[in-house]
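If you want the building blocks of each chain, they are given just below.
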Amino acid sequence: MNFPTNLPAATESRKADHLRICIEQDVQCQSVTNGLERYRFTHTCLPELNRGDIDLTTTFLGKKLGAPLLISSMTGGTEQAGIINRRLAEVAQHYKIAMGVGSQRVAVEKPQVADTFAVRSLAPDIPLFANLGAVQLNYEYGLEQCLRVVDILEADALILHLNPLQECIQPRGDVNFCGLLDKIEKLCTKLPVPAIAKEVGNGISGDMAQKLINAGIAAIDVAGAGGTSWAKVESERAETAMQRRLGLTFADWGIPTAECITNVRQVAPNIPLIASGGLRHGLEVAKAIALGADLAGLAMPFLRAAADSESTLHALAEVLIAEITTVLFCTGNADLQQLKQSQTLQRVA
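Now for a quick tour of the structure.

Summing up its helical and strand segments, the protein chain has 14 helices and 12 strands in all. Its C-alpha atoms give the protein chain principal-axis dimensions of about 65 × 40 × 40 Å. Expressed as a percentage of the 349 residues in the protein chain, the buried residues total 56%. Across the protein chain, contacts joining residues at least 24 apart in sequence account for 78% of those joining residues at least 6 apart. Accessible area for the protein chain stands at about 14,500 Å²; split by element, carbon and sulfur atoms hold 50% of it. Placing the 31 positive and 37 negative side-chain charges of the protein chain at their respective mean positions leaves the two points 3 Å apart.

Right, dumping it as structure tokens:
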């Protein structure tokens, strides 16, 4: 396959820009929240539990995890990104939580940066998720490229991310989304690993989740609105006044995460479901699990911690686990399944 000669360098530069902007700039949604503040747990003053016996273990796509956490897809393709991914992988392995990497398109186009994604040696036991933009199936990508990124990571699943708004604003974005559902369906029949459909911060509706599931998608990551706004990120990279305005106009576009979880669960009660999009602490993780998610994905908190130091990253993982454990203890639930069935989470607004 022949790619334009300037494409790998452009893709790598874009990766570096994204990393810098997310670490240094305020690119969070402003007027739209993840919706989880509309829910409150009923406090149990006598839980009849020993906090030390609380069990946060779970399984996802057949693999056991120590806690219902996913280090969401973020980065790769640059030297700094490689350092961050290695730190994230070591922490994921230590706490037995899942991890996804950022889009591996750059590794397909520039194989010499593939090692910035290759973290399996540091995380031999946890679920690792490879990642490509679904829209690339309309830009000469197919099974060969998907297998390549799975192999680079020795991945347990392939994330196909869906980002139409980001592509609209991104300079020279790939905006031909025609016929993708059929291509996804054909790909799912040939992939040796499950495919996960993931938005990038604008949410997946119940209707769209059903279409994706019908096409063979094995798990859904709703990636709802309320966290990092990729419209704002791209507005920081804008090359024209129009691109910048588009990014600011649509900075708060999307379906709040809590709404995504409940809507997807209404149409697909049993699909493996990841809640991400603006989750910032373990209380929100617990709310997402109580609403019906199986895992909760966080990106920005892990990214900024990893960019700081390994000790900061470990501290974040430990406090997240402590917060989730405290929710279970103070709602009288010994494990995650009990939490889901307890009806201790109530909508208050």
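Following the structure, the description resumes.
What follows deals with the nonpolar core. Most often, soluble globular proteins have nonpolar side chains that are buried together. In terms of nonpolar packing, the biggest core is built from 96 residues, with Leu88, Met99, Leu158, Ile217, Ile220 and Phe302 touching the most fellow members. Counting residues in hydrophobic clusters, the runner-up holds 11 residues, among them Phe60, Phe129, Ile159 and Ile274.

As used in these notes, a disulfide is a covalent bond between sulfur atoms, one from each of two cysteines. Summed over the entire model, instances satisfying the criterion amount to 0 disulfides. No disulfide involves Cys45; its sulfur sits 10 Å from the nearest other cysteine sulfur, which is in Cys330.

Evaluated as defined, the whole model comprises 2 aromatic pairs. Between the aromatic rings of Phe60 and Phe129, the centroid separation amounts to 6.2 Å while the plane-to-plane angle is 55°, which identifies the pairing as tilted. Of the two residues, Phe60 sits in strand S2 (residues 58–60) while Phe129 sits in strand S6 (residues 128–133), which places them 69 residues apart along the sequence. Overall, Phe60 belongs to the buried group, its relative accessible area being 2%.

A few words now on the sheet that holds strand S10 (residues 273–276). Spatially, the 8 strands close up into a barrel ordered S4-S5-S6-S7-S8-S9-S10-S11, and their pairing is parallel. Across the sheet, the axes of successive neighbouring strands diverge by a mean angle of 25°, strand direction being ignored. Relative to strand S7 (residues 157–162), S6 is paired through 5 bridges, and the arrangement is parallel. Bridging across to S7, Gly133 finds its partner in His161.

Its place among the elements puts Gln170 in the loop between helix H5 (164–169) and helix H6 (180–190). Taking relative accessible area as the criterion, Gln170 reaches 6% and is therefore assigned buried. In terms of polar contacts, Gln170 uses its side chain to reach the side chain of Glu167, at 3.5 Å. Apart from the residues lying within four places of it in its own chain, the contact partners of Gln170 are Arg14, His18, Glu234 and Arg237.

Before going further, it helps to examine the side chain of Asn138. Topologically, Asn138 is positioned in the loop between S6 and helix H4 (143–153). Owing to a relative accessible area of 15%, Asn138 belongs among the buried residues under this scheme. Only 2.8 Å separates the side chain of Asn138 from the backbone oxygen of Asn176, close enough to count as a polar contact.

Glancing now at helix H11 (residues 282–291). Buried residues dominate H11, accounting for 9 of its 10 residues. Considered for burial, the residues of H11 that qualify are Gly282, Glu284, Val285, Ala286, Lys287, Ala288, Ile289, Ala290 and Leu291. Positive phi appears at Gly292, one or two residues downstream of H11, with a value of about 130°.

This paragraph deals with the environment of Ala81. For Ala81, the position within the fold is in helix H2 (residues 79–95). Separated by 121 residues in the primary sequence, Ala81 and Asn202 place their C-alpha atoms 24 Å from one another. If we ignore the near neighbours within four places in the chain, the residues touching Ala81 are Leu19, Thr75, Gly76 and Thr116.

Let us look at the packing of H2 against helix H12 (residues 300–308). At a minimum axis distance of 9 Å, the contact between H2 and H12 shows a crossing angle of 105°. With respect to each other, H2 and H12 are oriented roughly perpendicular. When H2 is examined against H12, the residues Ile84, Arg87 and Leu88 are found in contact with a partner set consisting of Phe302, Leu303, Ala306, Ala307 and Asp308. Split by residue class, the contact of H2 with H12 holds 6 nonpolar, no polar and 2 charged.

With that out of the way, let us pick up the pairing of strand S11 (residues 295–298). The side chains of a regular strand alternate, first on one face of the sheet and then on the other. Covered by surrounding structure in S11 are Leu295 and Gly297 together with Ala296 and Leu298, the residues of both alternating faces. Two elements, strand S4 (residues 69–71) and S11, share 3 bridges in a ladder whose sense is parallel. Its bridge partner being in S11, Ile71 is matched across the sheet by Leu298. Here 3 bridges tie S10 to S11, and the two strands are oriented parallel to one another. Looking across to S11, one finds that Ser276 is bridged to Gly297. For the handedness criterion, the β-α-β arrangement of S10, H11 and S11 is classed as right-handed.

Our next topic: the environment of Ala92. Topologically, Ala92 is positioned in helix H2. For Ala92 and Gly297, which are 205 residues apart along the polypeptide, the C-alpha to C-alpha distance reads 12 Å. Residues within four places of Ala92 in sequence aside, it is in contact with Ile71, Ile97, Met99 and Ile126.

Okay, the pairing of S6 next. Most of S6 is tucked away, with 6 of its 6 residues classed as buried. Taking every second residue as pointing to the same face, both faces of S6 are buried, with Leu128, Ala130 and Leu132 on one and Phe129, Asn131 and Gly133 on the other. One ladder, built from 2 bridges, connects strand S5 (residues 98–100) with S6; its direction is parallel. Opposite Gly100, over in S6, you have Phe129 as the bridge partner. For the segment spanning S6, H4 and S7, crossover handedness is right-handed.

Conventions we followed
Residues numbered from 1 in each chain as written. Predicted model: local features only at pLDDT ≥ 70, side-chain atom pairs only at ≥ 80, totals over all residues. Heavy atoms only, no water. Helix = DSSP H or I, 4+ residues; strand = E, 2+ residues; numbered from the N terminus. Buried < 20%, exposed > 50% of the residue type's maximum accessible area, 1.4 Å probe, protein only. Contact = heavy atoms within 4.5 Å. Areas by Shrake-Rupley, 256 points an atom, 1.4 Å probe, with all protein chains shown as cover. Lys, Arg positive; Asp, Glu negative; His and termini not counted. Charge placed at Lys NZ, Arg CZ, Asp CG, Glu CD. Core = buried A, V, L, I, M, F, W, Y, C linked by side-chain atoms within 4.5 Å. Disulfide = S-S within 2.5 Å. Phe/Tyr/Trp six-rings, centres within 6.5 Å; stacked < 30°, edge-to-face > 60°. Pairing = 2+ DSSP bridges. Axes fitted to C-alpha atoms, helices over the stretch in contact; angles between N-to-C directions. Polar contact = N/O pair within 3.5 Å; in protein donor to acceptor, adjacent residues only side chain to side chain. Parallel < 35°, antiparallel > 145°, perpendicular 65-115°, else oblique. Nonpolar A, V, L, I, M, F, W, Y, C, P; charged D, E, K, R; others polar. Right-handed = clockwise from strand over helix to strand, strands pointing away.

Remember that the coordinates give geometry; whether it matters functionally is a separate question.
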